[in-house]
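# Reading the structure
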Amino acid sequence: MTSNHFSRRLLLGMAGALLAAANFSASAQSAYPSRPVKLIVPFPAGTSPDVIARLWGDEFSKATGQAVVVENRPGASTIIAAQAAANAAPDGYTLLWTVNNTFSINPYVYKKLPYKAEDFVPVTRILSVPYVLVTSNDSKIRTLQDLIRDAKAKPDTMTYASAGIGQGTHVAMARLLGQAGVSMTHVPYKDYFLPDVIAQRVDVAFDASTGAIPQVKAGKVRALGVSSAKRIDGLPDVPAIAEVLPGFVGDSWHGIFAPKGTPEPVLESLLAQSQKVVAMPAFRAKLEGYGLTPVGESPEAFRRFLGEDARAWAKVVKDNNITAE
């Protein structure tokens, strides 16, 4: 057999193998999902991550013909849900829908965690969640400048609420106070804290835009600023905190993660479907109505973002000595 003939046969063989692999990948991808998909959400039903996860799930179901079953596993700063997802079979039929606490804050607040970031594969960041800094509508504090001035005059006398030690609402406020050079007393809550802000039992709090915007529009709270780099469409008259404290950003996010070892074709299918959902005008309009910013980025961009996000929050946690058991 001539070397040319052998080379030609080898090339044809390789081409055939590549074609077969591509066909297998395509068929594996087109076959997913072939049964219902479980989406673990670390928050109770009716909360912002639950509501948006179900919106995504409805669109995913319409596109694929398979149900998305949301399993709410609240508690322990998303740790319970993350552990359940990390231990699930890596087949694309159990996914984690979570927020910044899981990977950007918890590893620096807790000495021991039952999961690691390496136990997961980031699929896509669905959206960004601006926090809104609010005070009671009856409060004398009318602007962020008022708050900073009063806090400087009375160190540690004023109070701020959060959803608990090490939660996003706590760490974002610690970042703001650090940047403003003021100190206030932290009041962590197990339940929803906004009623106590409305009643002026606590001076201020950060709340996710989904919870804050309806209360602002109802005249129950006054918005002093938003944590995103720019103003948001849901509250166009409320300044970004960065307008007063340049460079300040304190947003959270929602993202989808799969257990490590999930097949690449399944991850590709998940990404493609998710990006289609995020691109839908009706889905985007719903998010923007809640004050949320649609993202839908690639896994590579999400990985880079997670690295930057973790570095930024790790510094805040360390600078403020935030720890939890």
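Please read all numbers here as calculations on a predicted model, not as lab measurements.

## Some words on the pairing of strand β10 (residues 252–259)
- Most of β10 is tucked away: 8 of the 8 residues are buried.
- Taking every second residue as pointing to the same face, both faces of β10 are buried, with Ser252, His254, Ile256 and Ala258 on one and Trp253, Gly255, Phe257 and Pro259 on the other.
- Here strand β3 (residues 94–98) pairs with β10 via 3 bridges, running antiparallel. Residue pairing across strands places tryptophan 97 opposite isoleucine 256, the latter belonging to β10.
- Bridging between strand β4 (residues 120–129) and β10 involves 8 bridges; their strand directions are antiparallel. For valine 129, the partnering residue across the bridge sits in β10 and is serine 252.

## Considering helix α8 (residues 209–217)
- Three or more residues of α8 are buried, namely Ser209, Thr210, Ala212, Ile213 and Val216. In a view along the axis of α8, the buried residues occupy a sector of 165 degrees, so they form one face of it.
- Residues of α8 that are buried in the fold lie against α2 (48–64), β5 (131–136), β8 (204–208) and β9 (221–226).
- Trailing α8 by a residue or two, glycine 219 shows a phi angle of about 80 degrees, which is positive.

## Quick word on helix α11 (residues 299–319)
- Taking 1.5 Å of rise per residue, 21 residues should cover 30 Å, and α11 covers 30 Å from first to last C-alpha, within 8% of that figure.
- Pro299, Ala301, Phe302, Phe305, Leu306, Asp309, Ala310, Trp313, Ala314, Val316 and Val317 are the residues of α11 that are buried.
- Trailing α11 by a residue or two, asparagine 321 shows a phi angle of about 50 degrees, which is positive.

## Let's talk about the packing of helix α6 (residues 168–180) against α11
- Their axes nearest at 9 Å, the elements α6 and α11 cross at an angle of 75 degrees. With respect to α11, the axis of α6 lies roughly perpendicular. Residues Val171, Ala172, Ala174 and Arg175 of α6 pack against Ala312, Trp313, Val316 and Val317 of α11.
- The residue makeup of the contact of α6 with α11, split by class, is 7 nonpolar, no polar and 1 charged.

## Points about the packing of aromatic side chains
- Applying the stated criterion across every chain, the model contains 15 aromatic pairs.
- With 5.3 Å between their ring centres and 75 degrees between their planes, phenylalanine 103 and phenylalanine 120 make a pair best called edge-to-face. In this pair, phenylalanine 103 sits in helix α4 (residues 100–109) while phenylalanine 120 sits in strand β4, placing the two residues 17 residues apart along the sequence.
- For phenylalanine 103, a relative accessible area of 10% gives the class buried.
- When the ring of tyrosine 131 is compared with that of phenylalanine 206, the centres are 5.9 Å apart and the planes differ by 40 degrees; the resulting orientation is tilted. A residue pair is termed long-range when its members are at least 10 positions apart, and tyrosine 131 in strand β5 and phenylalanine 206 in strand β8 qualify at 75 residues. Exposure class is identical for tyrosine 131 and phenylalanine 206. Each is buried.
- An aromatic cluster is present here, built from Phe103, Tyr115, Phe120, Trp253, Phe257, Phe302 and Phe305 joined pairwise through their rings.
- Arginine 35 extends its terminal NZ or CZ atom over the ring of tyrosine 93, reaching a point 3.8 Å from the ring centre.
- The cationic tip of arginine 175 hangs over the ring face of tryptophan 313; the distance from NZ or CZ to the ring centre is 4.0 Å.

## Topic: the side chain of aspartate 251
- Among the structural elements, aspartate 251 can be located in the loop between β9 and β10.
- For the buried aspartate 251, no salt bridge exists, and the shortest N-O distance to an oppositely charged side chain is 7.0 Å, to arginine 125.
- At 3.2 Å, the side chain of aspartate 251 and the side chain of serine 128 are in polar contact.
- At 3.0 Å, the side chain of aspartate 251 forms a polar contact with the backbone nitrogen of serine 228.
- Contacts of aspartate 251, omitting those with residues within four sequence positions, involve Asn100, Ser128, Val129, Pro130, Tyr131, Ser227, Ser228 and Trp313.

What counts and what doesn't
- Residues numbered from 1 in each chain as written.
- Predicted model: local features only at pLDDT ≥ 70, side-chain atom pairs only at ≥ 80, totals over all residues.
- Heavy atoms only, no water.
- Buried < 20%, exposed > 50% of the residue type's maximum accessible area, 1.4 Å probe, protein only.
- Helix = DSSP H or I, 4+ residues; strand = E, 2+ residues; numbered from the N terminus.
- Pairing = 2+ DSSP bridges.
- Arc of directions from axis to C-beta.
- Contact = heavy atoms within 4.5 Å.
- Expected span 1.5 Å × (residues − 1).
- Axes fitted to C-alpha atoms, helices over the stretch in contact; angles between N-to-C directions.
- Parallel < 35°, antiparallel > 145°, perpendicular 65-115°, else oblique.
- Nonpolar A, V, L, I, M, F, W, Y, C, P; charged D, E, K, R; others polar.
- Phe/Tyr/Trp six-rings, centres within 6.5 Å; stacked < 30°, edge-to-face > 60°.
- Lys NZ or Arg CZ within 6 Å of the ring centre and 35° of its normal.
- Lys, Arg positive; Asp, Glu negative; His and termini not counted.
- Salt bridge = Lys/Arg side-chain N within 4 Å of Asp/Glu carboxyl O.
- Polar contact = N/O pair within 3.5 Å; in protein donor to acceptor, adjacent residues only side chain to side chain.

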